[in-house]
Amino acid sequence: MKKEERIKPIVMRFVVEQGNFQLAGEASSRIKSRLLQLGFSGSLIRRIAIATYEAEMNLVIHSYGGTIEAQIIPEIVTILASDTGPGIPDLEKAMQEGFSTAPEEIREMGFGAGMGLPNMRNCSTEFEIVSEIGKGTNITMVIS
Ligand SMILES: Nc1ncnc2c1ncn2[C@@H]1O[C@H](COP(=O)(O)OP(=O)(O)OP(=O)(O)O)[C@@H](O)[C@H]1O
Ligand SMILES: [Mg+2]
């Protein structure tokens, strides 16, 4: 394929701060609005919005902060969630429904059911999570 024939993705990138519940949900809601404008189907938007929101909340609640990036081409959206730590010690456990390390004050806010990561995987066409203690966690979700 010639270079000029490749589809150039629309890229949206957001910084997500640890503990900032005021701004929490902003990245996922902006991405959702853009997809609505672009005419993506409701069912696709729904899966992307859920997966992105769960990833964003995990950055706020469990990480030291990071970024959410959406790469949008027609019919395919790639969401990258990346943070700077602390990393996940046991990924297999973390991926299980109901597993959560969220403390009491976070549970009182309605989070901590341990459903975020399983939901992200269920909403994704391709799901990859890589985590290293002391380095951080990188999640790639391709949703189409
Ligand atoms: N970005 C992250 N950095 C460090 N730990 C994480 C991260 N994301 C998830 N975890 C760990 O994995 C566990 C499971 O995450 P998951 O999103 O499934 O549940 P939760 O956030 O605890 O609850 P819920 O998403 O249902 O509100 C978390 O409790 C936390 O221990
Ligand atoms: Mg979560």
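Sequence positions are assigned chain by chain, starting from 1 and proceeding in written order. Labels follow written order: the first chain is A, the first ligand is 1, and so on. Where local features are concerned, this predicted model is filtered to residues with pLDDT of at least 70; where side-chain atom pairs are given and counted, the filter is 80 or more; whole-chain, interface and lining totals use all residues. In computing side-chain values, all of the structure's heavy atoms are included and hydrogens and water are not.

*Asks:* Teacher, can you tell me more about the sheet that holds strand S5 (residues 136–143) here?
*Replies:* Any two strands with at least two DSSP-identified bridges between them are counted as paired. A helix here means a DSSP run of H or I that spans at least four residues, while a strand means a run of E at least two residues long, and both kinds are numbered starting from the N terminus. Read from one edge of the open sheet, five strands run S1-S2-S3-S5-S4, paired in antiparallel fashion. The open sheet is flanked by strand S1 (10–17) and strand S4 (126–132), the only strands paired with a single partner. Neighbour to neighbour, the strand axes of the sheet diverge by 10° on average, direction disregarded. Note that strand S2 (residues 65–73) and strand S3 (residues 76–83) share eight bridges and pair antiparallel. Only the stretch in contact is used when a helix axis is fitted, and all axes are lines through C-alpha atoms; the angle between N-to-C directions ranges over 0 to 180 degrees.

*Asks:* Would you mind showing me how to read the site of ligand 1 here?
*Replies:* In the vicinity of ligand 1 there are 18 residues, among which His62, Ser100, Thr101, Gly112 and Met115 approach most closely. Between ligand 1 and His62 there is a distance of 2.7 Å, counted from an oxygen atom to a side-chain nitrogen or oxygen. The separation between a nitrogen atom of ligand 1 and a polar side-chain atom of Asp83 is 2.9 Å. Out of a free accessible area of 600 Å², ligand 1 has 93% covered by protein chains. Elements that contribute at least two residues to the shell around ligand 1 include exactly helix H2 (42–62) and helix H5 (116–123). For this scheme, ten residues count as nonpolar: Ala, Val, Leu, Ile, Met, Phe, Trp, Tyr, Cys and Pro. Four count as charged, namely Asp, Glu, Lys and Arg, and the remainder, Gly too, count as polar. Partitioning the shell around ligand 1 into residue classes produces eight nonpolar, eight polar and two charged. Whether a residue is near a molecule or strand depends on its heavy atoms: it is near if one of them lies within 4 Å of it. Identification of polar contacts relies on pairs of N or O atoms within 3.5 Å, with a donor-acceptor requirement for protein atoms, meaning one able to donate a hydrogen and the other able to accept it, and with residues adjacent in sequence counted only if both atoms are side-chain atoms. Areas reported here follow the Shrake-Rupley algorithm with a probe of radius 1.4 Å; residue values treat only the protein chains shown as occluding.

*Asks:* Teacher, can you tell me more about unusual backbone geometry here?
*Replies:* Where the residue is not glycine, phi is negative for most of them; where a peptide bond is considered, it is trans in most cases. Residue Pro86 is reached from Gly85 by a cis peptide bond, and omega for that bond is 10°. Of note, Pro86 is situated in the loop between S3 and helix H3 (91–94). Backbone geometry at Glu75 places phi at a positive 75°, although glycine is not the residue there. Mapped onto the secondary structure, Glu75 falls in the loop between S2 and S3. Throughout this description, buried means an accessible area under 20% of the type-specific maximum (1.4 Å probe, protein chains only), exposed means over 50%, and partly exposed covers the range between. Residue Glu75 is classed as exposed on the basis of its relative accessible area, which comes to 57%.

So far we have only geometry, and geometry alone does not tell us how the molecule works.
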